[in-house]
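The chain contents come next:
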Amino acid sequence: MEFKKICISGLGYIGLPTASMFATNGVQVLGVDTNPGIIEILNSGGIHIHEPGLGEVVAEAVESGNLRVAGTPEPADAFIIAVPTPFFEHDLGEYEGQVYKKADMRMVTSAAQAIVPHLRKGSLVVLESTSPPRTTVDLLVPILEGSGLKAGVDFYVAYSPERVLPGQILRELVENARVIGGLTPESAQAGSDLYATFVRGEIHMTDATTAEMVKLMENTYRDVNIAIANEFSRLAERFGVDVWEAIQLSSLHPRVKILSPGPGVGGHCISVDPWFFVESAPDLSRLIQRARQVNDAQPEFVMSLVHKALGPDLTGRKIAALGLAYKPDVDDLRESPAVEVVHLLTKAGAVVKAFEPFKPDAKIAGVQLVPTLAQAVADADALLLLVNHTEFHQMNVEVIMTLTPARVLIDTVNGWARMDWVREGFELFRLGVGK
Ligand SMILES: NC(=O)c1ccc[n+]([C@@H]2O[C@H](COP(=O)([O-])OP(=O)(O)OC[C@H]3O[C@@H](n4cnc5c(N)ncnc54)[C@H](O)[C@@H]3O)[C@@H](O)[C@H]2O)c1
């Protein structure tokens, strides 16, 4: 199939790079976003997210005349939906006394509804948003068939999960293997033809529900494995062991690869997607639910480390929280456990100044963010490393000594080389180290 014009709904971390990639490969693209602020920024030549190289690619796409942006869709040969699928904050489910989170699919619903008037015979609709199993078949198709056309007969429908790594999105969009699940084999083929425009990795075709499960299984696998690492960090502390050393030694086993513990699991994928399984089949996903609970409780474990370093009463203690992103070297603060730790510290009476180098001007309710490292550490009693940004783990000890009176370091990510700091008179408390 040939695609001359496509319409992409949702211009965030996924939709904007994808739109630009199609546009720079010769396809006419209309990018659609319901946030007028984003449309305004893009129309004035800027971008609203931090992703290396993205500004240049968007500029190239706009200059080529192939990328336009608007608030509503238009008729197109293909439609891609890449809108958020968060969970509800307050609308919780319950199964046998265990509470679980439910997916908020309202943005997928409204993006699909907006496409309906523009659907034509032979169009293709691809859902990219991470979704609970059977979303394509049970939610998307009935909405699209509101057009009077029959899915799989008059138009094609596919699900294609996105598995790019923030920070490397542009390279991974092209190089990663892509899974395309069609409502019918013809739909999968249409999806494959579409992405072949720029994807150089292998394209694997399957059915829509398998493709949905593939994405959820990938992230759930990682979540459960991080949960075991986090549990190991607690056990190591109990038994007087250094978990980082123990993990390194365990991983010498040829069939063992233990992930790293830390302050918890965040971001828009790994901390969210496992719930989509739990919601869809709570009776069959107890391990997955337990892993989520372990990871969500890890900020509390960080609090016990802070108490170990600063004593039982944190009232008035000044703490410089270094990093708020959910992982190193990205500006994404969504579901970040670092933010949760700052909230817990503040609740315990500590005075926290947080510094996030990738988003120094971020606004988070209840968090005092400062724009420079120097301001964060200036009058601190302790420095708390929450994210292993390169800038932090390469921090120069001599320089830091001139910026702060603090001589207590709390490291939740094994980012600081112990001896470098201890030699200069710092006391270092590391997560998962009971020695
Ligand atoms: N960010 C990632 O690394 C990543 C990786 C894999 C999968 N995903 C999945 O991709 C989907 C999109 O994630 P994202 O990170 O790009 O989200 P995002 O929040 O960065 O961007 C989504 C955009 O969609 C817009 N939007 C909301 N409702 C809309 C509607 N009805 N019509 C048009 N636009 C609408 C929002 O204004 C926002 O700009 C999610 O399901 C996410 O789980 C994300």
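Definitions and limits used
- Residues numbered from 1 in each chain as written.
- Predicted model: local features only at pLDDT ≥ 70, side-chain atom pairs only at ≥ 80, totals over all residues.
- Helix = DSSP H or I, 4+ residues; strand = E, 2+ residues; numbered from the N terminus.
- Rg over C-alpha atoms; globule rule 2.2 N^0.38 Å.
- Buried ≥ 20, exposed ≤ 12 C-beta atoms within 10 Å, placed from the backbone.
- Axes fitted to C-alpha atoms, helices over the stretch in contact; angles between N-to-C directions.
- Parallel < 35°, antiparallel > 145°, perpendicular 65-115°, else oblique.
- Left-handed = near helix turned anticlockwise from the far one by under 90°.
- Contact = placed C-beta atoms within 7 Å.
- Core = buried A, V, L, I, M, F, W, Y, C linked by C-beta atoms within 7 Å.
- Domains from an automatic or database assignment.
- Pairing = 2+ DSSP bridges.

### Topic: the overall build of the chain
So, step 1. In terms of regular secondary structure, the chain is built from 17 helices and 15 strands.
So, step 2. Its C-alpha atoms give the chain a radius of gyration of 23 Å, within 12% of the compact-globule value 22 Å for 435 residues.
So, step 3. Here the C-alpha coordinates of the chain stretch approximately 70 × 50 × 40 Å along the principal axes.
So, step 4. Counting across all 435 residues of the chain, residues that qualify as buried make up 46%.

### As for the environment of glutamate 218
So, step 1. Note on placement: glutamate 218 falls in helix α8 (residues 208-238).
So, step 2. With 73 residues separating them in the primary sequence, glutamate 218 and alanine 291 have C-alpha atoms 14 Å apart.

### Digging into the packing of helix α10 (residues 273-280) against helix α11 (residues 286-296)
So, step 1. Close contact between α10 and α11 brings their axes to 9 Å; oriented N to C, the two are set at 140 degrees. Taken together, the axes of α10 and α11 lie oblique to each other. Like other packed secondary-structure pairs, α10 and α11 cross with a definite hand, here left-handed. Residue-level inspection shows Pro274, Trp275, Phe277 and Val278 of α10 in contact with α11, the latter providing Ile288, Gln289, Ala291 and Arg292.

### Some points on the nonpolar core
Across soluble globular proteins, you tend to see nonpolar side chains buried next to one another.
So, step 1. Counting residues in each nonpolar core, the largest one holds 76 residues, and the members touching the most others are Ile6, Val29, Ala78, Ile81, Leu124, Val157 and Ala158.
So, step 2. Take this core: its biggest share by element is 6 residues, from α8.
So, step 3. Mapping this core onto the domain boundaries places at least three of its residues in each of domain 1 (5-88 + 95-208) and domain 2 (219-225 + 241-296).

### Considering the sheet that holds strand β4 (residues 78-81)
So, step 1. With mixed pairing, the 8 strands of this open sheet are ordered in space as β3-β2-β1-β4-β7-β8-β9-β10. Edge strands, defined here as strands with exactly one partner in the open sheet, are β3 (67-70) and β10 (203-207). Here the strands of the sheet are splayed against their neighbours by 25 degrees on average, with no regard to which way each runs.
So, step 2. In the sheet, strand β1 (residues 5-9) pairs with strand β2 (residues 28-32) via 5 bridges, with the strands oriented parallel. Looking at the pairing, isoleucine 6 lines up with valine 29 of β2.

### Overview of the domain arrangement of the chain
So, step 1. As far as domains go, the chain holds domain 1 (5-88 + 95-208), domain 2 (219-225 + 241-296) and domain 3 (298-430).
So, step 2. Facing 12 residues of domain 1, the contacting portion of domain 2 comprises 11 residues.
So, step 3. Those elements giving two or more residues to the side of domain 1 that touches domain 2 turn out to be β5 (87-95) and β6 (98-103).
So, step 4. Per element, the largest residue contribution to the side of domain 1 that touches domain 2 is 5 residues, and it comes from β6.

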